[in-house]
Amino acid sequence: AEVKYYKGKLGVKSIYEDALKTNNLRSYINLESGAAFPDIEKMVFQIFDKNPNFIMYVLLADSPIARQYPLLHKERYFRKFIPHNVKISTADTLIYNGKVSIINFDNKIIGTVLQNTDYYITTKGIFDLMWKLLP
């Protein structure tokens, strides 16, 4: 098991750069917890052009902001909305390549990357279960 901590925009940007190297990314996003900064949004939009195998599954905390969030790609970006009674406190949780990254944009921009096979498998399994259960 390995845990890494990142601070500031550059640190969090490096987490996204790593996550976007995968072909299959899962993400819990709460846009109410803080908006991603433009560099990250641009990177995510561009990855669909750069990597034709990239697929992204997103569970969005339901909010007016989330409902207006643009579709990133017609064929390889999938999203569902988490009901209001399920609280997501982090801005973004990324699940990819044996890692789970937790990103917060509250008072400080910080990120934590956990690389642990068992935790990854469990987190991915819970995400996939929620995906199947949500309309």
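Described below are features of the structure shown in this document. (Residues numbered from 1 in each chain as written. Predicted model: local features only at pLDDT ≥ 70, side-chain atom pairs only at ≥ 80, totals over all residues. Heavy atoms only, no water.)

**Observations regarding the pattern of salt bridges**
Stage number 1. The tally for this structure, following the rule as stated, stands at 5 salt bridges.
Stage number 2. Where E2 meets K4, a salt bridge forms, and the shortest distance between an N and an O atom there is 3.3 Å.
Stage number 3. Here D128 and K124 are joined by a salt bridge, their closest N and O atoms 3.7 Å apart. Taken as a pair, D128 and K124 lie in helix α4 (residues 117–133) at a separation of 4 residues, close to a single helical turn. (Salt bridge = Lys/Arg side-chain N within 4 Å of Asp/Glu carboxyl O. Helix = DSSP H or I, 4+ residues; strand = E, 2+ residues; numbered from the N terminus.)

**Thoughts on the sheet that holds strand β1 (residues 2–7)**
Stage number 1. Spatially, 7 strands are ordered β1-β7-β6-β5-β2-β3-β4 in an open sheet, and the strand pairing comes out mixed. The open sheet terminates on both sides in strands that have one partner only, identified here as β1 and β4 (77–82). Here the strands of the sheet are splayed against their neighbours by 15 degrees on average, with no regard to which way each runs.
Stage number 2. Relative to strand β5 (residues 92–96), strand β2 (residues 24–29) is paired through 4 bridges, and the arrangement is antiparallel. Within the sheet, the bridge partner assigned to S27 lies in β5 and is L94.
Stage number 3. On top of the sheet, helix α1 (residues 8–19) reaches β1, β2, β5, β6 (99–104) and β7 (110–115); it is set at about 135 degrees to β1, its chief contact.
Stage number 4. On top of the sheet, α4 reaches β2, β3 (55–61), β4, β5, β6 and β7; it is set at about 70 degrees to β2, its chief contact. (Pairing = 2+ DSSP bridges. Axes fitted to C-alpha atoms, helices over the stretch in contact; angles between N-to-C directions. Contact = heavy atoms within 4.5 Å.)

Note that every value here comes from positions in space, so none of it alone points to a role or purpose.
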